[in-house]
Amino acid sequence: MYQPFTPPPRRLMGPGPTMVHPRVLAASARPTIGHLDPAFAGLMDETKALLQHAFRTGNALTMPVSAPGSAGMEMCFVNLVEPGDKVIVCVNGVFGGRMKENVERSGGVAVVVEDPWGAPVDPAKVAEALDRHPDTKVVAFVHAETSTGALSDARAITDLAHRQGALVIVDAVTSLAGVPLLVDEWQLDAVYSGSQKCLSCMPGLSPVTFGAAALEKIRSRGSRVQSWFLDLSLVMGYWDSAGGRSYHHTAPVNAIYALHEALVMLHEEGLENAWQRHRDCHERLVKGLQDLGLEMLVEESARLPQLNAVRIPEGVDDAGLRRELLAKHDLEIGAGLGELSGKIWRIGLMGEAARPENVDYCLAALKSVLGNQLTAAA
Ligand SMILES: *Cc1c(COP(=O)(O)O)cnc(C)c1O
């Protein structure tokens, strides 16, 4: 007979999903109610207010998309890029590459600004591209590149784009709640995130927020958004109380209970305190890694606290070490992606993972497994 599935007791310290607090898990297990129930409408309003708080924005159009971060990404591109639109896409890792793919699939013309993997986006290169392409409609970049652990200067890039009348699309999947992300102060036009990174909720939802200029661009579109599910003007009819909360799709009711609880916990802690906790744990981790003789990929000034890319030392079996961490220590860390595959590990300190006891556990496990490998090799 089939048995109920019992997951092993993992410590998730990779690039997401991260560990989920029991309060959030418990919230998701509460009885399902209708997605048009007035009680659920109240929860939607509160979730929206809590998301506005986390994004530091007053944008009315702030909500979770009913699908993972990649859907938030796609929502931004299909609504803001019309066929023929020129879009500058900054690529310094895997997710910038996906943005380029989204521009092209939306019928846009991508102008790529490249930086080495592990480096932040260079605003000087963005300025140069804007000079060469004054007809640019959108500049797209990843705030926190999870594939490399580099943090880019969202404000500087946005200022350059706005000076030339272009909008920005910002990937904040890993930055939200882990490092400062000030949507209104930096005047970010369209921003998407994910539930399973520093918000420490389960995967499956993508918080998004759109400012006035982005809405204006959507309203003035000459062509229909090619995706029915992600067409903001239709989704708004459900998420916006002014839109009458008409049926668009069945919201993942229990997932929203969980997101709400995760956001309540973030609110209780205080956003600044959460940023500081991620930074403190990062410093503790980096010091411990240095004591083990390990090196970081990213230069200190651009390091993401919540995603630590560590160079794999010569002679160490990457996959073997990660297998052993999982089998003997129930610890998951991330592998390198793309051109960094086999070259780095990615240690996530996202949300609930960013606790000193997890940092110490990870360092002790790494020390033990690295020791075994080096003894075996000798
Ligand atoms: C995780 C991640 C995504 C994709 O999110 P999914 O929930 O996996 O679809 C996009 N961008 C960045 C920077 C990410 O870290």
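Our subject is the structure listed above.
Since the model is a prediction, treat every value here as computed from it, not as a measurement.

### Side note on the overall build of the protein
So, step 1. Secondary structure summary: the protein contains twelve helices and 14 strands in total.
So, step 2. In terms of overall dimensions, the protein is globule-like: its C-alpha atoms have a radius of gyration of 21 Å, near the 21 Å expected for 378 residues.
So, step 3. Along the longest, intermediate and shortest principal axes, the C-alpha atoms of the protein span 65 × 55 × 40 Å.
So, step 4. Taking all 378 residues of the protein together, 57% fall into the buried category.
So, step 5. When contacts within the protein are restricted to residue pairs at least 6 apart in sequence, those whose partners lie at least 24 apart make up 73%.
So, step 6. Of the roughly 15700 Å² of accessible surface on the protein, 54% is carried by carbon and sulfur atoms.
So, step 7. On the protein, the mean spot of the 34 positive side-chain charges and the mean spot of the 44 negative ones are 3 Å from each other.

### Remarks on the sheet that holds strand β2 (residues 61–65)
So, step 1. Pairing in this open sheet of seven strands is mixed, and the strands run β2-β10-β9-β8-β5-β3-β4 from one edge to the other. Across the chains shown, the open sheet's two edge strands, defined by having one partner strand only, are β2 and β4 (109–114). Within this sheet the neighbouring strands show an average axis-to-axis angle of 15°, counted without direction.
So, step 2. Contacting β2 and β10 (206–210), helix α8 (residues 232–239) crosses the sheet at an angle of about 90° to β2.

### Description of the packing of aromatic side chains
So, step 1. Counting across every chain of the model gives one aromatic pair.
So, step 2. Summarising the aromatic geometry, the rings of Tyr238 and Trp239 are spaced 6.2 Å apart at their centres and angled 75° between planes, so their arrangement reads as edge-to-face.

### What about helix α4 (residues 94–105)?
So, step 1. Along its twelve residues, α4 runs 17 Å from first to last C-alpha, staying within 8% of the 16 Å computed at 1.5 Å per residue.
So, step 2. Buried within α4 we find Val94, Phe95, Gly96, Met99, Asn102 and Val103.
So, step 3. Gly107 occupies a position one or two residues after α4 and carries a positive phi of about 90°.

### Looking at the environment of Gly336
So, step 1. Position of Gly336 relative to the elements: it lies in the loop between β13 (334–335) and β14 (344–348).
So, step 2. Counting along the chain gives 57 residues from Gly336 to Arg279, while the straight-line C-alpha distance between them is 22 Å.
So, step 3. In contact with Gly336, other than residues within four places in its own chain, are Ser341, Ile344 and Arg346.

What counts, and at which threshold
Residues numbered from 1 in each chain as written. Predicted model: local features only at pLDDT ≥ 70, side-chain atom pairs only at ≥ 80, totals over all residues. Heavy atoms only, no water. Helix = DSSP H or I, 4+ residues; strand = E, 2+ residues; numbered from the N terminus. Rg over C-alpha atoms; globule rule 2.2 N^0.38 Å. Buried < 20%, exposed > 50% of the residue type's maximum accessible area, 1.4 Å probe, protein only. Contact = heavy atoms within 4.5 Å. Areas by Shrake-Rupley, 256 points an atom, 1.4 Å probe, with all protein chains shown as cover. Lys, Arg positive; Asp, Glu negative; His and termini not counted. Charge placed at Lys NZ, Arg CZ, Asp CG, Glu CD. Pairing = 2+ DSSP bridges. Axes fitted to C-alpha atoms, helices over the stretch in contact; angles between N-to-C directions. Phe/Tyr/Trp six-rings, centres within 6.5 Å; stacked < 30°, edge-to-face > 60°. Expected span 1.5 Å × (residues − 1).

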